[in-house]
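What follows is the residue order along each chain.
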Amino acid sequence: MRKIFKDIKKILQAGDTFLITTHINPDGDGIGSAFAMDYLLKMLGKKTVIVCQDSVPHDFAFFGKEWIQYKEGIEIPSFHYVVVLDAPSLQRIGTVGKLIANTSNIINIDHHISNQSFGKWNIVDPHASSCSEILYTLFQEMNVSITQEVASFLYVAISTDTGSFRYQNITPMTHTIVAELIRTGVDVSALNEQLYSQVPVGKVKLFALLMNKVQLTCDGTIAWSVLTNEELAATGAQLSDADGFVNVLRDIEKVKIAFMVSNVQNPSVIKASLRSKGKYDVNTLAGSFNGGGHAKAAGCTIKGTVDEVVKKIIHKAKEQVVQE
Ligand SMILES: [Mn+2]
């Protein structure tokens, strides 16, 4: 691990222009990591541009920062290096994949166990709670001090990727890093209010609708719900508003595997978000549909109708929950 940090250090010092990107439907870790990486490179005197398929969701508007949302034909400043953050594969960066198709100078920094090591340089640490935890080490390696603003990026990233410090991916190192972030004077209480106490009313209404539609099978051990355009239209919510809802399905008593499916982006390609608790492994489950993620949080896309896809996922989930 140390050697790869040394290698990346040399590349970051030698390069002059960098494009930074993260996965589609960006979450706190992808966003926090992108802004932190941007700061780090700027402190090294580099030219940077952050380009992602999707814009920064309104949940994270409190950072007061935006990036370039990639659309075909849009002018992007030239770059020699690409830093891909929090993405297990190049498919996960969506349309930005086309933009970087002609460069092999890819630095891949990630913590997903399913990471395909697609970069020329790869820092992949599945034991890190988040991509931002790896970036913290990179800041230290590069001798760049962490300002309160950077601490807020990293704190939000680590906090959201660990379910507010509840998940198995937490290590003593995670808390040590967070202690150092708090030491910069960053206002953790204010950040948490921004994160969790500024919920748009449309999201609350969407939550009510989807939770009302919850279904259970296999003696209540598998839970799911379905998001369609009708619910979005009825509540005025955005697609990203539904992101954390699957966690609530997982938290139902007796539930071992939970999932949320959506046909909002494409009526014939269903997007599924999967969660588990205990020993149950949704990374493997998603993997059987060419998706992936972490053992307890993963995702995939499956061709078919909502009903067909729900059946397929339940069939695979049963293989885990029934045999005991
Ligand atoms: Mn992450």
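Preceding block: the structure.
*Asks:* What am I meant to see in the packing of aromatic side chains here?
*Replies:* Pairs of aromatic rings are described using the distance from one ring centre to the other and the angle between the two planes. Applying the stated criterion to the full structure yields 13 aromatic pairs. Taken together, a centroid distance of 5.7 Å and an interplanar angle of 45° make the contact between Phe35 and Trp67 tilted. Of this pair, Phe35 sits in helix H2 (residues 28–43) while Trp67 sits in the loop between strand E2 (47–52) and strand E3 (68–69), and the two are 32 residues apart along the sequence. Residue classification places Phe35 among the buried positions, given a relative accessible area of 1%. Among the residues examined, Trp67 registers a relative accessible area of 8% and is labelled buried. Where Phe62 meets Phe63, the ring centres are 4.8 Å apart and the plane angle is 45°; that geometry is what we call tilted.

*Asks:* Just to check I follow, could you spell out the pattern of salt bridges for this structure?
*Replies:* Between side chains of opposite charge, a pair can form as their charged atoms come close. Under the defined criterion, the tally for this structure stands at 11 salt bridges. The salt bridge partner of Arg250 is Asp251, with a shortest N-O separation of 2.9 Å. Judged by relative accessible area, which is 6%, Arg250 ranks as buried. Among the charged side chains, a network of salt bridges with common partners joins Arg2, Lys6 and Glu141.

*Asks:* Help me understand the sheet that holds strand E5 (residues 106–110) in this model?
*Replies:* Strand pairing in a sheet takes place through backbone hydrogen bonds and is either antiparallel or parallel in direction. Pairing is parallel in the open sheet, where six strands are placed in the order E3-E2-E1-E4-E5-E6. The sheet is open, and its two edges are formed by E3 and strand E6 (121–124), each paired on a single side. Pairing geometry for strand E1 (residues 17–22) and E2, over four bridges, is parallel. Counterpart to Thr17 in the pairing with E2 is Lys47. In the packing of helix H1 (residues 2–14) onto the sheet, contacts are made with E1, strand E4 (81–85), E5 and E6, and the angle to E6 comes to roughly 130°. Helix H4 (residues 131–141) contacts E4, E5 and E6 of the sheet and is inclined by roughly 115° relative to E5.

About the criteria used
Residues numbered from 1 in each chain as written. Predicted model: local features only at pLDDT ≥ 70, side-chain atom pairs only at ≥ 80, totals over all residues. Heavy atoms only, no water. Phe/Tyr/Trp six-rings, centres within 6.5 Å; stacked < 30°, edge-to-face > 60°. Helix = DSSP H or I, 4+ residues; strand = E, 2+ residues; numbered from the N terminus. Buried < 20%, exposed > 50% of the residue type's maximum accessible area, 1.4 Å probe, protein only. Salt bridge = Lys/Arg side-chain N within 4 Å of Asp/Glu carboxyl O. Pairing = 2+ DSSP bridges. Contact = heavy atoms within 4.5 Å. Axes fitted to C-alpha atoms, helices over the stretch in contact; angles between N-to-C directions.

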